[in-house]
There are 2 protein chains.
Amino acid sequence: MKKRVTLKQIARELEVSVSTVSKALKNSEEISRDTKDKIQAFAKLYNYRPNNIALSLKNKNTKNIGVIIPDIVHHFFTTVFRGIEQYAGKKGYNVMICVSDESFEKEVLNMELLANGSVDGFILSLSAETQERNDYNHIKEVLGQGIPVVLFDRVSKDVLCDKVILNDQEIAYEAVKVMIGSGKTKIALVTTENYFNVSSNRAQGFEKAIRDANLAFDENLILTLPYQSEGDELIRDFFESNTIDAVLCVNEIFAIKCMDVVQRQGKRVPEDISFIGFTNGILSKYSTPRLSTVAQHGERMGETAAKLLIDRIENDVDDNFRTEVISGTLIQRDSTIN
Amino acid sequence: MKKRVTLKQIARELEVSVSTVSKALKNSEEISRDTKDKIQAFAKLYNYRPNNIALSLKNKNTKNIGVIIPDIVHHFFTTVFRGIEQYAGKKGYNVMICVSDESFEKEVLNMELLANGSVDGFILSLSAETQERNDYNHIKEVLGQGIPVVLFDRVSKDVLCDKVILNDQEIAYEAVKVMIGSGKTKIALVTTENYFNVSSNRAQGFEKAIRDANLAFDENLILTLPYQSEGDELIRDFFESNTIDAVLCVNEIFAIKCMDVVQRQGKRVPEDISFIGFTNGILSKYSTPRLSTVAQHGERMGETAAKLLIDRIENDVDDNFRTEVISGTLIQRDSTIN
DNA sequence: TTGTAAGCGTTATCAC
DNA sequence: GTGATAACGCTTACAA
């Protein structure tokens, strides 16, 4: 087991000073051809690699970025992560990832942990609990220390930093308009609690589309499901006790579940009821019928977030924070009439 | 923007020495109550936190573990990752994650990057290309430097280290036996290239089950699909030109695709053809019909891998490497006859 | 052309 | 009870 070799060892071995070795390995002009050759050869032989930690301490940067997301087993987030990872990798950054599990406490803990020198900046999407409590002190703290943060998807106006979001309201508006265009008039919204900024924005787009089309806006046609729990009962009841011919769902799972319930009740999709979901994930592509959906372009979001962050890390720009808006794309499949 | 405060600053401010501050903050008995109180109060006020990087350099450990997986947008891997993250978090470790994208080169690069002091150990699942080339020098190198590595799922006998795998052969055997038990005799296998150890193991279990039941083993009933590309044509041809009444697929997507093709050809699932897939992912639960599948217990795999790794990091054990075998569970849904 | 020394933030050893 | 010093591995003025 040959441990990693250090400058000091090379220096001792070759009977030169540490700084000579350091310079030689950087091909410095200061050092003679001979010495450089000798040192470089030796270094190559022993496969010398500078120690990242020592470099970080010296340079006061880690070339790491911290990503904190609510859930990793989740198509949208992994997709964003892929975008981050790819861009960061190209720029020579590594990614440390922490999962908040939708918990405020874990989000805070993870941020504090990584903020103690482990990363040069953060990319994060707020946990459900954080959005519910509306407490962003941990983020402000980190920002106050001069560590840049980029928020994506689940963001808050209360935090001043760079952000990447979807045009949730507009694209929800579009989606509903499409369904209205195909003759639907009793349109429902299946959503989560309103403290999710994305849900609330989508709801606004939904309502606006209905009103703009002079359709009756009926509060009863909004089903709020508990985030990440079953709620199958609620769905059944909802579709039994209401007359509905089109549904917008704020995520893919809700859509799949609702389609399932409705089809079991003997209705045809899309003839009797059409569906549009959010998140163009794997489920949408393989459901029966295939689900029309709003693609959120997670990879692009991730890439954009990483770009904003690295920009700020490297160029220590001024305080005019940017918000990049990614345009969703409505992908029509078999759950809507084309 | 108040930067993080350091020991040195506290020392200067309070007119004591750095070492006194350090000790005081560790509540050392050496320091007087008074001094400690003063220093601790000050530290709390300025929210002092020790710098992780400096600690790493000093202690020669980073409390980071590196995870390298072929793909992040993939249910099984994210599931394993969640297990790793949870266990590691509990043990005070952070996780750095790199994606090899099924590329040998990226796998090597990522390992080298992180091996330069950034992590205390690795958990990794081999990329497709690495398995194909059968080149594991990068891993042996890292092991040679005394950095522990745990391989999971996609492993190789050529690397001596701790491993976590599924009982692929046995559970594939089980799955086929179940289909045989329900009267099926023309059983097909849909798989990937054989250099994937998991596919090859599952194929062995498949063959053994067929032979043990005294059924004819027909090479033609094995469809090898290109990993991660379409192959829809191949699937159609395969099911058109062969008489098949049951199918074992080495992953979920293959199963869903095949079910779809077969159903479009007018066959009923499971009456005419039954299906069992691997990876109890989200697709299986929501497909039509719901897919029977082998749960790989990714989370448990991840947790086990993390445990093996951290054990080795902290206890620098001897060279008797362990291989933990996770037992898959056959989950019967509607794509098989119960 | 090479070497010395200071510094990054921390801790541990030893001296006062 | 407190402080100076060295060390972790590396870089970079500055001396020699």
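Placed above this text is the structure.
Please read these numbers as outputs of a predicted model, since none were measured by experiment.

Participant: Where do I start with the protein's contact with DNA strand D in this structure?
Facilitator: Around DNA strand D lies a shell of 27 residues, among which L7 and Y48 of chain A together with T20, K23 and K60 of chain B are the nearest. Sugar plus phosphate: this is where 61% of the atoms of DNA strand D within 4 Å of the protein reside. One of the side-chain N or O atoms of S22 of chain A is found 3.0 Å from a phosphate oxygen in DNA strand D. The backbone of S17 of chain B places a nitrogen or oxygen atom 3.0 Å from a phosphate oxygen of DNA strand D. Among the secondary structure elements, those contributing two or more residues to the surface near DNA strand D are helix 1 (7-14), helix 2 (18-25) and helix 4 (52-59) of chain A together with helix 2 (18-25) and helix 4 (52-59) of chain B.

Participant: Explanation requested: a negative patch on the surface in the structure shown.
Facilitator: Residue and element names in this part refer to chain A. A cluster of acidic residues, E105, E129, E132 and E193, forms a negative patch at the surface. In this fold, E193 is placed in the loop between strand 6 (187-191) and helix 10 (197-212). Accessibility expressed as a relative area gives 34% for E193, which makes it partly exposed.

Participant: How do you make sense of the sheet that holds strand 6 (residues 187-191) of chain B when you look at a structure like this?
Facilitator: Sheets are built from strands paired through backbone hydrogen bonds, the pairs being either parallel or antiparallel. All names here are of chain B. The 6 strands lie next to each other as 7-6-8-9-10-12, forming an open sheet whose pairing is mixed. Here the strands that pair on one side only, and so sit at the sheet edges, are strand 7 (222-224) and strand 12 (329-331). On average, adjacent strands in this sheet sit at an angle of 20 degrees to one another, irrespective of strand direction. Bridging between strand 6 and strand 7 involves 3 bridges; their strand directions are parallel. For L189, the partnering residue across the bridge sits in strand 7 and is I222.

Participant: Whenever I open this one, helix 2 of chain A confuses me. Can you help?
Facilitator: Counting along an α-helix, one turn takes 3.6 residues, and residues three or four places apart therefore face a common direction. Residue and element names in this part refer to chain A. Residues of helix 2 that are buried: T20, V21 and A24. End-on, the buried residues of helix 2 take up no more than an arc of 100 degrees, which puts them together on one face. Lining the buried residues of helix 2 we find helix 1 and helix 3 (33-45). One or two residues past the end of helix 2 sits N27, with phi positive at roughly 60 degrees.

Participant: Explain the nonpolar core to me, please; I cannot follow it from the model alone.
Facilitator: The tendency in soluble globular proteins is for nonpolar side chains to be buried side by side. Counting 143 residues, the largest nonpolar core has F275 of chain A together with F275 of chain B as its most contacted members. Setting aside chain neighbours within four positions, we find F275 of chain B in contact with F239, V247, C249, A255, C258, M259, V262, V269, L291, S292, S335 and T336 of chain B. Counting residues in hydrophobic clusters, the runner-up holds 39 residues, among them M111 and V149 of chain A together with C98 and C161 of chain B.

Participant: Mind showing me how you'd approach the protein's contact with DNA strand C here?
Facilitator: Around DNA strand C sit 27 residues, and of these S19, T20, K23, T35 and K58 of chain A come closest. Of all atoms in DNA strand C that approach within 4 Å of the protein, 62% are sugar or phosphate atoms. L7 of chain B has a polar backbone atom sitting 2.8 Å from a phosphate oxygen of DNA strand C. At 3.0 Å from a phosphate oxygen of DNA strand C is found a main-chain nitrogen or oxygen belonging to N51 of chain B. The set of elements that each furnish at least two residues to the surface near DNA strand C consists of helix 2 and helix 4 of chain A together with helix 1 (7-14), helix 2 and helix 4 of chain B.

About the criteria used
Residues numbered from 1 in each chain as written. Chains lettered and ligands numbered in written order. Predicted model: local features only at pLDDT ≥ 70, side-chain atom pairs only at ≥ 80, totals over all residues. Heavy atoms only, no water. Near = heavy atom within 4 Å. Polar contact = N/O pair within 3.5 Å; in protein donor to acceptor, adjacent residues only side chain to side chain. Helix = DSSP H or I, 4+ residues; strand = E, 2+ residues; numbered from the N terminus. Patch = residues over 30% accessible without salt bridge, like charges linked within 9 Å, V, L, I, M, F, W, Y side chains within 5 Å. Areas by Shrake-Rupley, 256 points an atom, 1.4 Å probe, with all protein chains shown as cover. Salt bridge = Lys/Arg side-chain N within 4 Å of Asp/Glu carboxyl O. Lys, Arg positive; Asp, Glu negative; His and termini not counted. Charge placed at Lys NZ, Arg CZ, Asp CG, Glu CD. Buried < 20%, exposed > 50% of the residue type's maximum accessible area, 1.4 Å probe, protein only. Pairing = 2+ DSSP bridges. Axes fitted to C-alpha atoms, helices over the stretch in contact; angles between N-to-C directions. Arc of directions from axis to C-beta. Contact = heavy atoms within 4.5 Å. Core = buried A, V, L, I, M, F, W, Y, C linked by side-chain atoms within 4.5 Å.

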